[in-house]
Each structure stands twice: as C-alpha cells, then as structure tokens.
Amino acid sequence: MTTWLLASLVIPVLGAAVAAGVGPSGHRNARWVALVAATLTLVVAAVVVFSAPAAPVPRITQEGAPPSEPFVSWQRQWFGSPQGPVDIRLALGLDGLSLWLYGLSALLVFVAVLISWEEITHRPGTYYAMLLLLETGLLGVFAARDVLLFYVFFEFTLLPLFFLIGIWGHEQRRYAAVKFFLYTLAGSVLTFLGLLAIVLLASQKHPQGVLSFYLPTVQQVLQQDPLPRALQWWLFLALFAGFAIKVPLWPFHTWLPLAHVEAPTAGSVLLAGVLLKVGSYGFVRFCLPLLPQGTVDWMPAIWWLSLVGIIYAALVALVQWDIKRMIAYSSVSHLGFCMLGVFALNRVGLQGGVLQMINHGLSTAGLFAVVGMIYRRYHTRHMAELGGVARQLPLLAVVLMILVFSSIGLPGLNGFAGEFLILAGAFNRGWTAPAGHSATLLLVAVLATSGVVLGAWYMLSMVRQVLFGPVPPAHENLSQKTAFSDLRWYELAAVVPLLVFVLWIGLQPGFFLSRMQGDLFPMADRAAVAYYQTHAPAQVKTGARSLQKDSPLAEVAPVGESPKTQN
Amino acid sequence: MTGTALDYLPVLLGWAVLAPLISFALVVFFGPKMGRHGRLAGYVSIGGILTACVLSFIALGIWLSVEGTGADLLHHGQHDASHAESAHAESEHHGAESQHGTAEHAPARVPRTLFGTWYVLSPPGVPEIGISYYIDCLTVVMFAMVSFIALLIHIYSLGYMAEELADEVVDHEAHTSDGAHVRRRGRFHRFFQYLSLFCFSMLGLVLSGNVAMTFVFWELVGVCSYFLIGFYIERRSANLAANKAFIVNRVGDFGMIVGLMALWGSLGTFNYGDTLDEQGHVVRPGVFSLIRPAEHGHRLWVPDKAVQAAAEEEVAAVVADHLRVHGPNSQALQAARSEVQARTASWRQGPQGRMAYWLLIIAGLGIFCGCVGKSAQFPLHVWLPDAMEGPTPVSALVHSATMVAAGVYLVGRFFPAFVPEVLLVVAVIGAITLFLAATIAITAVDIKRVLAYSTVSQLGYMMLALGTGGWLAGLFHLITHAFFKSLLFMCSGSVIHACHTNDMRRMGGLLKKMPYTGYTMLVGCLAIAGAPFFSGFYSKDYIIAQTIQFGLDNPGWNIFYYAATVGAAITAFYMFRLWFMTFLGKPRDEHVYEHVHESPPTMWVPLVILAVLAVSVAWSVPGVGLSIESLLEQARPAGTEQGVGTGTLLADLTYRSEHLSHQEAIHAQATTVATLAALAGFLLAVVIYAKGWVSAEEVARQFRPIYQLLWHKWWFDELYQAVFVRPVHFVAQLIARFDRVVIDGIIDGSARAVTAFSAWADRVIDRASVDGFVNLLADWVYNLALRLRTVQTGRLRQYVVFIVVGTVALFVLVSFWASASAG
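The structure presented is a predicted model; accordingly, all values stated were derived computationally and were not measured.

About the thresholds
- Residues numbered from 1 in each chain as written.
- Chains lettered and ligands numbered in written order.
- Predicted model: local features only at pLDDT ≥ 70, side-chain atom pairs only at ≥ 80, totals over all residues.
- Heavy atoms only, no water.
- Helix = DSSP H or I, 4+ residues; strand = E, 2+ residues; numbered from the N terminus.
- Buried < 20%, exposed > 50% of the residue type's maximum accessible area, 1.4 Å probe, protein only.
- Contact = heavy atoms within 4.5 Å.
- Areas by Shrake-Rupley, 256 points an atom, 1.4 Å probe, with all protein chains shown as cover.
- Rg over C-alpha atoms; globule rule 2.2 N^0.38 Å.
- Lys, Arg positive; Asp, Glu negative; His and termini not counted.
- Charge placed at Lys NZ, Arg CZ, Asp CG, Glu CD.
- Core = buried A, V, L, I, M, F, W, Y, C linked by side-chain atoms within 4.5 Å.
- Domains from an automatic or database assignment.
- Disulfide = S-S within 2.5 Å.
- Pairing = 2+ DSSP bridges.
- Phe/Tyr/Trp six-rings, centres within 6.5 Å; stacked < 30°, edge-to-face > 60°.
- Lys NZ or Arg CZ within 6 Å of the ring centre and 35° of its normal.
- pLDDT = per-residue confidence, 0-100.
- Polar contact = N/O pair within 3.5 Å; in protein donor to acceptor, adjacent residues only side chain to side chain.
- Expected span 1.5 Å × (residues − 1).
- Bend = angle between axes of the 7 residues up to and from the residue.
- Patch = residues over 30% accessible without salt bridge, like charges linked within 9 Å, V, L, I, M, F, W, Y side chains within 5 Å.
- Salt bridge = Lys/Arg side-chain N within 4 Å of Asp/Glu carboxyl O.
- Axes fitted to C-alpha atoms, helices over the stretch in contact; angles between N-to-C directions.
- Parallel < 35°, antiparallel > 145°, perpendicular 65-115°, else oblique.
- Nonpolar A, V, L, I, M, F, W, Y, C, P; charged D, E, K, R; others polar.
- Left-handed = near helix turned anticlockwise from the far one by under 90°.

Helix and strand counts for chain B come out as 30 helices and eight strands. Looking at chain B as a whole, 57% of its 823 residues qualify as buried. Residue pairs at least 24 apart in sequence account for 77% of intrachain contacts in chain B once pairs closer than 6 positions are excluded. Accessible surface for chain B amounts to roughly 33,200 Å². Of this, 65% is attributable to carbon and sulfur atoms.

The structure is reproduced here in structure tokens:
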C-alpha cells in the first residue's frame, strides 16, 4: 500500500511535467495527458482508500493511549533524527479522518479535468499542469503526518489555484486571484506561527527535549502534559486565523463568492470540493487533539459563528441572481453545519461533521460542474435569463435535480446522513451540557435546524427559475445549433462518479462511517472529556478523569452518548 | 413466540413495498421505449401496484384467519365501558366487585404487533436508524386501503393521462414568449414513474418501524408530491405551487427534526416496538413500551431513562462520588448503578421529573409539527389548495387519500406516546383547521379547490378526533374519507377532462351528458356530508360522539363539539353547492357544454367501484361482524383502552376510555345532531343553488365583509407573504448589501491601508537608509542575472518545465539524502 500512496503523489507531478511540455500545438494532447494522469492517480488512490479496514468501534478510549497508527503510512527522515535535536520527517499516512478527503481530492481532480475538456483553449498545457500540481498538493495535505510537511503542502495548494483563477478566470480574475491569495496567505501565516509555537512548546515537554515536527510525537507529548489553559486559548486563536478563513467561517467568507464566480469551472469545483475542507480538516487534525482545552473554551464562539454563517449565508444565497454566487454562499452555509458538527465535541457530531465535508465536496462540486455546463451552452449564469432548461437538456436537468436534493438533504442521498448526524450531535451536546450551558446550546441547535428550511427555499427557487418554466426567447432556437446538445460523454463521465457516491453514501453511510470511526472516536472522546472537565460541577470534575477508565458506565448513565459513558 | 402464519407478514408487506419500486426503476430506465410514446409504462406501473395490492390483501386475509375479526373486542369494549360507567356510580357499594369489572382496572389488552429490523443503516455509535417494520392491524388495513385506491387511480390515469400519449401536446395553460401555447412532447411514462415512486414511499411510510425511517419516507413522499404538483413544468403556477408545497412542508419537518432529537435525547431510541432476542425476551424496549411500560399497566409513565437524562448532573455526581470512594472498579460502578436506580424515584418527583415530562412534550409537539405540515393543518394548510395544480389523479391519490393522511396516520401511530397536553394541542389545531377550511370552501369556485379545502377540513376532523382521545374515530374517518374523497376527486377529474376548465361558474347541467360521473359524485357528496348509511355517516358520528364525551369529561371544552357540528353543516352545504352548480341547472357556458362527453370506461369503472365502497366501506359484514372498526380496534395501542390518562401540567385535563363515547345516550345525541346539521346544510344548498329561491350574489352582497374574508381565504397567503416571505427577502437584501459593503469593505480597506503604509515606509525609511545597502545587493544580483540570461527565453511554458523538473529533482535528492541519513 505504501508504494501506491507514494505513487498517487508522484503521478500528478509527472503528468504535470509532460502536460506542460507537450507544447502549444493545441489542447488536444495536453488534455489527454492530464486525463491519463488524473485517471491513473484516481485508480491508485482508490486502491489505497478501499483497502482501509472497517475498524471495530472502540468502546472506550484509554487515557494516555498513543494515537492510533494509520492503516497506511510511509516516512523518511527529512532533517535531524528522532533522537534530536531536530526531528522533521517526510511522513505520509492516512487515517479515518483523512481517508475519504484524500479519496475525494483524487476524484474531484479527475472531474475537473473532464469539466475543462472543451472549456479551456487558452494555454492548455500550463493549465493542466497547474491542475495536476494542485492535485499533488491536495493529496499531500491530507496525507501529511508532519507539521512542517503539512504546512508545505498547505501553502503549495495556493499557488496553482492562484494561477488557475488569475489566468483562466472570468472578467475580474486578477482582483479575485490576488484577494484569494493574500487573504488566505495572511491567515495561514498566523496559523504557521501557531503551529511553530505548539511544536516549540511541545519540545520543552519532550523527555529528550527533541524539537519534533512529527505529529504523533507532538500529540503524544501534549496529551501526557497539556499546555496551560490561557496559552491554549491564544494558540487556538492563531490556528483559527488560517483555518477559519479557509473554511470559511462567517465573517471571513467574503473572498469565497468572488473567487468562485471568477474562477474557471474546474477551479470552483476544486475550491468548493476540497480546498475549503482543508480548513475544517485543520481544526479536527490540530485543534482537537493538540489544544483540547482551547477547543472547549472556543466552542461556544464557534457555535455562534457557525450558526450565523448557516443562516446569514442562506439568506444571502436567497437573493442572488448569479447561480455560481448562490452556490458559493450555500457553501458557506453548509460549512457552517460541518463546523457545528465538529464542535459538538462528541462522537456523533464529529463523524457527522467529517462526513458532511465529503458530502458537501461531492454535491457542491457537482453543482458547480453543472452550472459550468449550463454557462457553456447559454453564456449566462443569470437565473432570470435562463428557463426551461429541463425541456432543452433533460439529462442535465436530472443530474442537477439529484445534486440539488443531495444538497437539501433528502433522505436516501448523502446530504441527509451528514445533516442528521450533525444535528443529532449538536442536540446531544445541548441535552447533556451542564445546566448553565444547556439552554444556550439547544437554542443554537434549534436555530441551526432552520437552515434546513432556508436551504430548500433558495435551492428550489433556483431550480424553478432555471430548469422549469418557459424557455426565454433568446434561447428558443439554440437547440438547432450543432454545438448545443445534452451532456457529452466527457460531461457524463465527470458527473456519474459524483452521483454514484451521492447515492452510495446516502444508502449505505455505514460503509463510510465505519472506516472513519476508529480514529475519530478517540478524538471525540478526548474532546468530550475536556469539555466535561471544564464545565461539569465541581464535585463531578474530580471523578471525571477516572471515569474514562472503564466502560460498564455506559449502562449506568441514561443516554449512550454523554461523555462520561463514552470513555 | 410460536410460529404462526403471521410470520409471513413482514415478507409479504416488504415485497408489497418493493413492487412499486421495481416498476419505478423499470419505467425510469426503459420508460420511453415501452411501446409507442411509452404507453406500456402505464401497465408496468399498474403491475407494480397490483402486486402490492394483492400481497396486501393476502396479508389482510392472513391476519383475519389468525387474529379473527375483532368483532368481539368491539362489543366487549362497549359492554365494558358502559359497565365501567355504571360501576363508577355504584363503586361506593360494590367496591370489590367493581374493581374486577371496570375497564379502568382490568388488565390492559395488548394488541398483537410484529416488530423487527431487516437492516441497520447506521454503524454502531450513532443513533440507530434501521430499515425495520412495525406491523399491527392498523398497518395491514392501511396497506390494503392505500394499495387498493392507488390501483384504481392508476387505472383511471390510463384514461386521464391519455392525451400525454402524443408526440406533441399543446398545453393551454402555459405560454411561450410570443404568447402561443406551449407545445411539447408527451410525458406519459414520466407520470407513471412518479406515481410508482410515490406508492413505494407511501407504503414504506406505513410499514416503517421507527420514527427516523418514517421521517425518511416522509421526505420521499414529499419529493414525489413536489414532482407531481410540478408535473406541468412549463406552467409557472405549477412550479410555484410545487415549491410552496415542499418548503411549507420543510417548516413542519423543522419541528419534526427537533422532536426526533428530543425523543432520542430522552429515550435513546427511535424504534416503535421492542427488540426481542431469540427467546422472546425484551432486549431493548421501544418508544411505546418505554412510555407505557407493561409493569405500570401500560399507563403513561415518564421513563426512567428520560428522568435520568434530565438528572444528568445528579447522575454524574453519584458516579463520581462512588468512584472517589471505591476507586475506578466495577464494584464502584455497580454501586453507582443501583444508587442511580434508587434515586430515580425521588428525582421523578422533583424538578428533574418535570423536565423529563417537558422532554416528552417537546418530542410530541415536534412530531405533531411534522404532521401539521404534511396533513396541511392550520397554520401550514396553505400549500394544499395550491397543490391542485398537479394532474387530478395526483390530487385524488396524493393530496387527499394517502399522503396528506400520513400526518393523521403518524399521530395515530404515535398516539400512545403523546401525553395529554400534546393531544390537547392536536385537538385545538384540528378544530381550527376544520372550521377554517370549511368556511373557505363555501366561496371557492374552482371545483378542485373546493375539494382541496374540504380535504383540509376533513383532515382537521381526524386530528380533532385523535386529539380528543378518539383513536378509533380518527383513524376510522381516515379510511372512509380516503374512499369518498378519492371518488370525489376522480369525479371532478372526469368533469375537468370533459370541460377543460376547473371553473364551476362555467359548468352546469352536466348530469345528462355525464351520468356515471354525475351519480357517482352524488354518492361521494352524500358520503362526505354524512347521510345515513353512507360511510361518512358512521365515522363522523364517532367523531362527534367523541367530542361530546370530551366535553363531558372536561367541562368547558364543549367548543370541540360545536366546531364539529357546525363543520358538518358547512360540509354538507359546500358539497351540494358544488354538485348543484356542476350537474344541475342550465349550462352556463354553451361552448363548454357542447364539447362535454362521458369519460372512457377506464375512468368511469373505477368511479363506480369507489362509489360502491364509499357507501359500504363502513358497514360490517353481516354474521361475521367484520368491519373496519373491528379491525382497527384490534390495533388499539396498549393502555389507551382505559383512556390516555390525565395531564401533569394541566391537572384538570383528563382523557377517559374512548368506549365511553359509544354509549347509547351519547351516540344517539351525536347521530341526531350530525344528521340535523347535515340536513340543514343540504337544505340551504338546495334553496340557493338548486332552486334558486335565494340568489347567491345577493347573499354575498349582504354579507360582503364575510364574503371577502372567505373569498380571500382569510388572507393567509397575503399574510404569510407580508409577514414571512417579504421580510425575509428584505432582510436578505440588506444582509447581502452588508456583506458587500461592510464585511468585504473592511477586508479591502485593510488591504488598502497596508498598501498606503508601505508607500509611506518606502518614502521615509527605505530610500533614506536601506537603499544604499540594497543597491549594493542589487549590483550583485544584476551581475548574476547577466550570466543567467542565457536561460531566460521569455517562454512561460519553459519556465514551468524548469520549475517542475527542479521540484522533482529536489524531491528525489531530499528523499535519497533522507533515506541515507535515516539508514
């Protein structure tokens, strides 16, 4: 498996080199090179991903247990050695958290190549090279197990996307590209400082004083001897700066609609599908395990920001006339749900949040892809200028309909599974919270549920205007043009895999969840214990640490999900 | 559990659910290729629903053969109830004997139910959502009713939708940009595809064994309804109505999700039934046994789990305490467990018990909220009349007989878990709805809208019945209503098919030309108005009797009785107004009248069948005693026979046995009042519309304000538009501008500030001091660059190659170096 993992990172780079080298003789060669490279990568990544075992659900998490080993990993020393003084490794590996995000990245680049098939005619070689470089960056971000390596990949994803937006984008591409680049860079510099500080502080607690960037080492050190509470608060703030912009949490979202609208279709697909997840992934990967106390202290704030994001972005989406802009705002709303789930700090919510990252990646990427197809045919994204698309392009209409319902959270499709788990997690956090918090948290959970109504509202309004109703006069004669047809083979090839997963996750979420739980549950349990230790009444606190040691407690306490029964 | 023929029921009904799904899949993939214009798709769909129907009736047969007709239960129950009543009066004297004899102290009858899980969707560690079944007699009866009516409507649709069997269909209600009618391809197979999917979802909803699965199918029927309302996608009004239906339903679902979460938070399960192990012992109790445990005689009981969930902190303190004393070992846990159990009783009396009760109320209200949406109850009733934009068979099946009744079904299903306070809310909502909708139906002129408001009103009746404790009454009316209302809708469809208009003001005198339609519709009108010996008569009687009984038990709550009686009068009035305007009198529009013709046999044969049933479905089979009531009585939830119970928050609120309302005195009163009310409504309709002794216009003028109110449907659409839709859009516009100007402005502003600062720093610091140093550096770089100039070709492609090759080379080098230093 290790070889395959490495291969998935190298193939896109090689493909990029070839694609860039095939010369300007036309986009035909470059796109084929890109397709071959992306397909190969996808196959290789699929082999890796589907070899993941369905982990047995851990009933309890032993305190001080080392972080679980990923099912596939590879590492070489980069600088220094494990004995010190500096320990930086080229460490790659996949666990339950990164597994599906890694697979999603490989899938969406494949989709992105097919989406660009006819759209990109300007310097295609460079374009596809950028796409493939971006793929390596994305796969690397999710596979990295070393803090420095993670950051390198994290920043590396910025560059290709900057060029994709800046060169192949629409009218305002320069402004959008620069804004996207500077805004995210500004945030991620703070994140980097935060990560550096964590590593430095961890080295002081390391038995041999090694300055280790290797994440499992850092995690183990900090689990045994957590950082002081005030420090964790500040460090969380630093990490928050970069990740919250990336997610994007309200009010750090304004770069997103702009970047989406100006980006070429493939750019939007990857941006919405994967790049946003780097932010929420960062929260789960670094904040929860390394800064449990900071996470708990920041949790109410994040709940409120998520809630505002869910409703605010849904409302803004309701009055957009540009379909792409509307979907961009719906992303902000959906990512609010993801964050709410993650910061429910319990098993149900966390896995719901992570699953929803995948779901959003599939459905929103699909939506952007379909909007790109509509734009290519009608040369407008203005809802009022469109209409009756279902009559002219029935197949495309079916695809759009399924994706819309996935996004709304229709049972049987993927969105529902994630949404339901997130709400279950959030409500559960509310029910089980100590008296002082319970009411507030429940209020947030109830208000967040209203996102379900707003989501249906703006999505179905879009569907009504675009798909149904009469065909506007400007488009009545389009069907006679030769270039105008329902989905082409490459467009079908792009959306069918998305639909397969939309249905698969919807009908059998257990398959996906059971491959995440082994690693997510311990994380959730630790966070839950930290929450409980902070907020429980004084007489309980003393017992809480020992509560984690045994499992039959599950039968004592009422509902299966409260932290003390979990651990 | 010994093996009986009942063990086959899950499989039978499971296949009954799957059969329409199979036909759906076939039509989706091969529909357009099935014969000319997809003609055979209709037959494929009929095959699916026919299978389901046959299987359902086999299931019903098995049930009857094993469990009997239940006739004895019904009479036994009545006997018991009256006995109970007299026993109450005499209990002073015959204490011991009456203890034995009263229904309220007799051991509760537990209905036969089958519960099991086929497949668990969710992995361990999350709320269990399984594909499970919960079968009792109610399930079986609902299956038979839904699949039978659906079958008839499928057949009817063959005729009604025949005009879709063409290469070009002219849609008279949709216009292209130049004002011409829209011409499009026929969509015959598309219609049957949705119909099959709907049947699958509806049957699945009835079969589902846990609330979460119910919710899943709940959403699926919603989507089918969305597609069927918007079937004529070219019509703007149809699309708006479809969106309205879905979004309004979502508002109800919002409440339902909150309810589900409260249920899970307090009980930790969604399952209706108990999970048993091999030996038949209860492993995990379901919702019903938790709220009405057998050891408490199936009386309402706040479950220990809910109390402990409410006493979260106290439980934690106890556990922590024991762990501190004994250390973390199983002995400590054992001790903690027993102490928690021991203390639960005292918590139950304290604030924790009250909070646990509130959890049950929230769960109940939340679930009812979903039912309000789906069954179009006030204040979410506004979507159903608009939903009439769909083809008429859809209105008959989805928007009158089955889907909208799903809300009532769920209230009936969840009945044992509703606490009295929740039931009171159900009753209030039902009463408001039945009155409101009936009044609107008086002035409506669109034949389908009259029926739509009548549906809303009848659903209100059912909710009122359930809410006043009339479990049997409500569900009985659900079944009878399904028959006569689908009949009425299909008749109206036949009329519309002939007239090409929905407007009753352009009809009149159609009886001569459409005898089958006319007379069957008359049967439907008589049934819904509650004419003696028609099915509606019996079920409405039950409801009114129940409201009388409720008023007796809870003084001051006679309002339900008045509402139901007035509603009965209005119902008779608007139904006969409809029939007289359509079929009697002189044709008001000659043009329409000329083209009128009786519908084809595929359409009128189902009408006749339904008409027969609309009369007789409530009758009992002579000799055997088999009737819908006796069947339903078999499924009466354990513990509700003696009445739901008394309220905790509203201590005066009491629900006594439903059988009490079957006593002679109450029954006679109900029958008399209901019949007189219906007669009054009928006579008024005769006076105004059949005989024309009083002019309708004159009445409208006399009572202008009331007429305006009703004509505008109490201004609900306008109200919601003004209170919800417009403000939301307005706020959304504001927020969008805020987003652009303020939030984005701050970002751009800070970027500009940085630029300005840099320029200043450049002037002040750089040039003065740093420049000299930098210039020196620049010279070096310049010289270096001169040498590198040969590489520089100005072609970006080449640069990228350099970058890539460089990256790869670096990567390889570093890897080698790293492995060398590691090894």
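There is more to say, and it comes next.
Summing up its helical and strand segments, chain A has 24 helices and three strands in all. The globule rule puts the C-alpha radius of gyration for 567 residues at 24 Å, and the 23 Å found for chain A is close to it. With the C-alpha coordinates aligned to their principal axes, the bounding extent of chain A is approximately 75 × 50 × 40 Å. For chain A, the proportion of its 567 residues judged to be buried stands at 70%. Across chain A, contacts joining residues at least 24 apart in sequence account for 79% of those joining residues at least 6 apart. Surface exposure of chain A reaches about 16,100 Å², of which carbon and sulfur atoms provide 66%. Taking the 32 positively charged and 24 negatively charged side chains of chain A as two groups, their mean positions are separated by 3 Å.

Once that is clear, we can look at the nonpolar core. Judged by nonpolar contacts, the single largest core of 488 residues is most densely connected at A:Phe283, A:Phe405, A:Leu467, B:Leu9, B:Tyr226 and B:Phe414. In terms of residues, this core owes the most to one element, helix α19 (residues 471-499) of chain B, which gives 19 residues. Residues from two domains meet in this core; each of domain 1 (71-106 + 419-472 + 500-601 + 631-711) and domain 2 (716-792) of chain B gives at least three. Those residues in contact with A:Phe283 that lie beyond four places of it in its chain are A:Phe236, A:Phe240, A:Phe243, A:Ala244, A:Val247, A:Leu288, A:Ile302, A:Met339 and A:Phe343.

Turning next to the state of the cysteines. Scanning the model with the defined rule gives zero disulfides over all chains in all. For A:Cys338, which is in no disulfide, the shortest distance to another cysteine sulfur is to A:Cys287 and amounts to 15 Å. B:Cys525 takes part in no disulfide bond, and the closest cysteine sulfur to it belongs to B:Cys491, at a distance of 8.3 Å.

To continue, consider the pairing of strand β1 (residues 72-80) of chain A. Bridge analysis of β1(A) against strand β2 (residues 86-94) of chain A gives eight bridges, and the strand direction is antiparallel. The residue bridging A:Val72 from the neighbouring strand is A:Leu94, located in β2(A).

Attention now goes to unusual backbone geometry. Of the consecutive residues A:Val247 and A:Pro248, the connecting peptide bond is found in the cis state with omega at -15°. Take A:Pro248: it is sitting in the loop between α9 (229-246) and α10 (255-262). Looking along the chain, the bond that leaves A:Trp250 and enters A:Pro251 is cis, with omega of 0°. Note that A:Pro251 resides in the loop between α9 and α10. For A:His379, which is not a glycine, the phi torsion comes out positive at approximately 55°. For A:His379, the position within the fold is in the loop between α14 (347-378) and α15 (389-392). With relative accessibility at 60%, the residue A:His379 sits in the exposed group. Of note in the backbone geometry, B:Phe533 takes a positive phi value of approximately 75° without being a glycine.

So, about the sheet that holds β1(A). Residues and elements named next belong to chain A. The strand order across the open sheet built from three strands is β1-β2-β3, with neighbouring strands paired in mixed fashion. Either end of the sheet is taken by a strand with one partner, and the two such strands are β1 and β3 (211-212). By the bridge criterion, two bridges tie β2 to β3 in an arrangement that is parallel. The partner of Val86 across the bridge, within β3, is Leu211.

Attention shifts here to the packing of aromatic side chains. All names here are of chain B. Under the defined criterion, the tally for this structure stands at 86 aromatic pairs over all chains. An angle of 80° between the planes, with centres 4.7 Å apart, marks the rings of Phe576 and Phe682 as edge-to-face. Pair noted here: Phe576 is in helix α22 (residues 559-583) and Phe682 is in helix α26 (residues 664-690), with a separation of 106 residues, a long-range link. Classification of Phe682 by relative accessible area gives partly exposed; the value is 28%. The ring of Phe231 carries the charged tip of Arg187 above its face, separated from the ring centre by 5.5 Å. Sitting above the plane of the Tyr593 ring, Lys513 keeps its charged end 4.7 Å from the centroid.

Time to look at the confidence of the model for chain B. For chain B, the average pLDDT comes to 84, and 90% of its residues sit at 70 or higher. Below pLDDT 50 for its whole length, residues 81-105 of chain B participates in 19 contacts with residues either more than four positions away or in separate chains.

Here the focus is the side chain of A:Thr217. All names here are of chain A. Along the polypeptide, Thr217 turns up in helix α8 (residues 215-224). By relative accessible area, which is 17% here, Thr217 ends up buried. If sequence neighbours within four positions are ignored, Thr217 has contacts with Arg89, His206 and Ser212.

This part is about the side chain of B:Ser375. All names here are of chain B. The residue Ser375 is located in the loop between α13 (351-374) and α14 (383-386) in this model. Here the side chain of Ser375 touches Val404 through a polar contact of 2.5 Å, landing on its backbone oxygen. Here the side chain of Ser375 touches Gly407 through a polar contact of 3.2 Å, landing on its backbone nitrogen.

All names here are of chain B. If you check α19, its first and last C-alpha atoms are 41 Å apart, about what 29 residues at 1.5 Å a residue would give, namely 42 Å. The sharpest bend along α19 comes to roughly 30°, located at His481. For α19, a buried count of 29 out of 29 residues is recorded, marking the element as mostly surrounded by other parts of the structure. Backbone geometry just after α19 places His500 at a positive phi near 60°.

Residues and elements named next belong to chain B. On the surface, Val11, Trp15, Leu18, Ile22, Leu26, Val28, Phe29 and Phe30 cluster together into a nonpolar patch covering about 760 Å² of accessible area. Looking at the secondary structure, you find Ile22 in helix α1 (residues 9-30). Given the relative accessible area of 44%, Ile22 is considered partly exposed.

All right, on to helix α4 (residues 124-143) of chain A then. Relative to the 28 Å expected for 20 residues at 1.5 Å per residue, α4(A) spans 29 Å between its end C-alpha atoms, a close match to the ideal helical length. With 20 of 20 residues buried, α4(A) is to be regarded as a mostly interior element.

All names here are of chain B. In the contact formed by helix α6 (residues 188-207) and helix α15 (residues 392-401), the axes pass within 12 Å of each other and the chain directions differ by 5°. If you check the angle between α6 and α15, you find them roughly parallel. Mapping the contact onto sequence places Phe191, Leu195 and Phe198 in α6 and Pro393, Val394, Leu397 and Val398 in α15. The residue makeup of the contact of α6 with α15, split by class, is seven nonpolar, no polar and no charged.

All right, on to the environment of B:Glu67 then. Secondary-structure assignment places B:Glu67 in helix α2 (residues 39-67). In this structure the C-alpha to C-alpha distance between B:Glu67 and B:Arg112, which are 45 residues apart in sequence, comes to 8.4 Å.

Residue and element names in this part refer to chain B. Inspection of the secondary structure assignment puts Val450 in helix α18 (residues 447-467). The sequence separation of Val450 and Ala438 amounts to 12 residues, and the corresponding C-alpha distance is 8.9 Å. Not counting residues within four places of it along the chain, the set of residues in contact with Val450 comprises Ala441, Ala444, Met504, Tyr574, Arg577 and Leu578.

Here we take up the packing of helix α5 (residues 137-160) of chain B against α15(B). All names here are of chain B. Relative orientation of the contacting elements α5 and α15 amounts to 165°, with a least axis distance of 9 Å. Taken together, the axis directions place α5 and α15 in an arrangement best described as roughly antiparallel. Both α5 and α15 take part in a crossing whose hand is right-handed. Listed contacts from α15 to Met145, Ile149, Ala150, Ile153, Tyr156, Ser157 and Tyr160 of α5 are Thr392, Pro393, Ala396, Leu397 and Ala401. Looking at the contact of α5 with α15 residue by residue, the class counts come to 10 nonpolar, two polar and no charged.

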